[in-house]
Amino acid sequence: MAALKRISKPSSASFSNIARCLNFYSSSAAAAAEINPYFQTHNFARKDPKDRNVQWVFLGCPGVGKGTYASRLSKFLGVPHIATGDLVREELASSGPPLSTGLSEIVNQGKLVSDEIIFNLLSKRLEAGEAKGESGFILDGFPRTVKQAVTLEGVIDIDLVVNLKLREDVLLEKCLGRRMCSQCGGNFNVASINAKGENGHPGISMAPLLPPPHCMSKLITRADDTEEVVKERLRIYNEKSQPVEDFYRSQEKLLEFGLPGGIPESWPKLLEALNLDEYEEKQSAAA
Ligand SMILES: Nc1ncnc2c1ncn2[C@@H]1O[C@H](COP(=O)(O)OP(=O)(O)O)[C@@H](O)[C@H]1O
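Residues numbered from 1 in each chain as written. Predicted model: local features only at pLDDT ≥ 70, side-chain atom pairs only at ≥ 80, totals over all residues. Heavy atoms only, no water.

## Details of the overall build of the chain
Formally: Runs of H or I in DSSP of at least four residues are treated as helices and runs of E of at least two as strands, each being numbered from the N terminus. Any residue under 20% of the maximum accessible area for its type is buried, any over 50% is exposed, and the rest in between are partly exposed; the area is computed with a 1.4 Å probe on protein chains only. We call two residues contacting when some pair of their heavy atoms lies within 4.5 Å.
Helix and strand counts for the chain stand at twelve helices and ten strands. Within the span of the chain, comprising 287 residues, buried residues form 45% of the whole. Across the chain, every contact between residues at least 6 apart in sequence was considered, and the portion connecting residues at least 24 apart equals 76%.

## Quick look at unusual backbone geometry
Cis geometry is adopted by the peptide bond preceding Pro143, which originates at Phe142 and carries an omega value of 0°. Inspection of the secondary structure puts Pro143 in the loop between strand S3 (137-140) and helix H7 (146-153). In this model, Glu252 sits at a positive phi of 55°, which is unusual for a non-glycine residue. Tracing the backbone through its elements, the reader meets Glu252 in the loop between helix H10 (227-250) and strand S10 (254-258).

## With respect to the sheet that holds strand S2 (residues 81-83)
Adjacent strands of a sheet form backbone hydrogen bonds with each other and so pair up, either parallel or antiparallel. Selection criterion: Here a strand pair is declared whenever DSSP counts at least two bridges between the two strands. For every element, the axis is a line fit to its C-alpha atoms; helices are fit only across the contacting stretch, and the angle between N-to-C directions ranges from 0 to 180 degrees.
Read across the sheet, five strands follow the order S2-S3-S1-S4-S10 without closing on themselves; strand pairing throughout is parallel. This sheet does not close on itself; its edge strands, each paired only once, are S2 and S10. Averaged over all pairs of adjacent strands, the angle between strand axes in this sheet comes to 20°, irrespective of strand direction. Across five bridges, strand S4 (residues 160-165) lies against S10 in parallel orientation. Note on S10: the bridge partner recorded for Lys165 is Gly258. The strands touched by H10 within the sheet are strand S1 (55-59), S4 and S10, with S4 carrying the most contacts at an inclination of about 135°.

Encoded structure:
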């Protein structure tokens, strides 16, 4: 597959953030390695990129569409889509009190769960995948802090980080429109977005992503998709996760992608930005 990296140069404003990340890196690398012995000892992913599938990360604010595009891309490339938010929700559904009570309180307030829990869930998921012969992954929702990024960097080579971007007013509308089918787990969106252009930002329209008729009566809204909690999640993203963008930008791994609209407009442009458009044409021609 062709080289897939498109690199964004760091802006001068981001250099102080990069320096902060690097200071953090040196002071936290040892602490980060202590978090999970699995991550400390296991080097399953240090394989030559020629001998494995892609190891990518999707970054972006809540509601931007990380799950939608990471999941489409994972099917397209034949690699697992690993979303730490899904791992947390599965853990909540399968564990009883008191763990589930404490965990759901954190998630429902829009806060980040502890690194210990996240590293345990992620390492278990990677280990299970490895046992099944999986190769490569697209991570979604991880890393969310520079400390998590540093820890990941210590054990796994990340090839590319895709940073999805969307206006904040649209993010809020999208989060409030999110629905999930309580039976099949499918993700949908009932919001019909028509945001006018303002402050140099172009207008943006997104059609709702409606479920098939048999899911319609089973739709639920995530408890953390209320206006108050989404605003808190956006605040936490800006505080804790934005520096992760600078961390990867400084490593020249960051691909910035501003979503131009809904899936029909954005998907072909994303493939183009990833140099995958020709790959798709070849696949369609072969089918
Ligand atoms: N890497 C992580 N570190 C800490 N907490 C996480 C992480 N990933 C997921 N979570 C927890 O799971 C919740 C849901 O995550 P996710 O589905 O990715 O939400 P979002 O729509 O905000 O991207 C987060 O608000 C947080 O409480």
